[in-house]
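# Breakdown of the fold
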Amino acid sequence: EAGVTQFPSHSVIEKGQTVTLRCDPISGHDNLYWYRRVMGKEIKFLLHFVKESKQDESGMPNNRFLAERTGGTYSTLKVQPAELEDSGVYFCASSPITGEKLFFGSGTQLSVL
Amino acid sequence: QKEVEQNSGPLSVPEGAIASLNCTYSDRGSQSFFWYRQYSGKSPELIMSIYSNGDKEDGRFTAQLNKASQYVSLLIRDSQPSDSATYLCAVNAFNTDKLIFGTGTRLQVFP
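Residues numbered from 1 in each chain as written. Chains lettered and ligands numbered in written order. Predicted model: local features only at pLDDT ≥ 70, side-chain atom pairs only at ≥ 80, totals over all residues. Heavy atoms only, no water.

### Considering the layout of surface pockets
Considering only enclosed or pocket space, the largest pocket measures out at about 600 Å³ in volume. Along the walls of the largest pocket sit 27 residues, with R37(A), V89(A), Q109(A), Q38(B) and G41(B) positioned nearest its centre. Taken together, the elements giving at least two residues each to the lining of the largest pocket come down to β9 (88–95) and β11 (108–112) of chain A together with β9 (85–92) of chain B. Ranked by the residues each element gives to the lining of the largest pocket, the list is headed by β11(A), at four residues. Of the residues contributing to the lining of the largest pocket, the split by class is seven nonpolar, 17 polar and three charged. Of the volumes computed, that of the second largest pocket is approximately 430 Å³. Contributing to the lining of the second largest pocket are 16 residues, with E42(A), I43(A), K44(A), F45(A) and E3(B) lying nearest its centre. For the lining of the second largest pocket, the elements supplying multiple residues, two or more each, are β5 (43–50) of chain A together with β10 (99–101) of chain B. (1 Å grid on protein atoms, 1.4 Å probe; cavity = no way out; pocket = protein on both sides within 12 Å on 5 of 7 lines; lining within 4 Å. Points joined across faces, edges and corners; volume = space filled by probe spheres on them. Helix = DSSP H or I, 4+ residues; strand = E, 2+ residues; numbered from the N terminus. Nonpolar A, V, L, I, M, F, W, Y, C, P; charged D, E, K, R; others polar.)

### As for the interface of chain B and chain A
Across the contact, 17 residues belong to chain B and 19 residues belong to chain A. Of the roughly 1,500 Å² buried between chain B and chain A on both sides combined, carbon and sulfur atoms contribute 56%. It is D97(B), K98(B) and F101(B) in chain B that bury the most area against chain A; as a group they hold 35% of the surface buried on that side. Here chain B and chain A share three residue pairs in polar contact (both at pLDDT 80 or more) between them. Elements represented by at least two residues in the side of chain B that touches chain A include exactly β4 (33–38), β9 and β10 of chain B. Per-element tally for the side of chain B that touches chain A: the top contributor is β4(B), with three residues. Classifying every residue of the side of chain B that touches chain A by side-chain character gives eight nonpolar, six polar and three charged. (Contact = heavy atoms within 4.5 Å. Buried area = accessible area lost by both parts, 1.4 Å probe. Polar contact = N/O pair within 3.5 Å; in protein donor to acceptor, adjacent residues only side chain to side chain.)

### Focus on empty space enclosed by the protein
A probe matching the size of a water molecule, rolled over the atoms, marks out where space remains unfilled. Evaluation of the coordinates by the stated rule reveals one cavity of 30 Å³ or more. In this structure, the largest cavity occupies an estimated 40 Å³ of space. Lining the largest cavity are Y33(A), G99(A), E100(A), L102(A), F34(B), N92(B), D97(B) and L99(B). A class-by-class count of the residues in the lining of the largest cavity yields four nonpolar, two polar and two charged.

This is the structure we're talking about:
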């Protein structure tokens, strides 16, 4: 069984550019989460999808971040325009049951220069 | 005060010893507690979950929870060099599905 897949693994962009991160959850997992780790800080929640619906987006830092989950399958997280403080590792996780074990992807390392 | 606090370490223990990792949390309404292991450059991997006061054992791992003291710990018996990793404590925020993570404790097991 394939795990949670994230693409790209690394992205280096300049301030003001746009970046789109993609997450493919484990097949059949209705719950999809985005988390972010800024260097030296803890992993922080961004948002939670149940199928295609946003269940909780309280962790999204501002309106430069847009997450979608078309058809309840893969999800994208777009940052537009990117700022220096957006640099960090963006993790996606999925689970079959809300509130239960999360399976994490290996993350996307985003560097904004 | 951070919502979930862990000592960043590194915690160094010899092979075969017991490693004790500690975590405190601030939200008294939290009901679910998790320990994740993260090797450098890899994804966090769940190793233990605990929901009620007391001890929960799984192989060489024992999670301990004390809700009155808002304290959760992870014991690793017979530590192996392969246990060297960062251990993340995570707590469900009350009445939500989101996890609140600590910054992690780096464990080093030396031969």
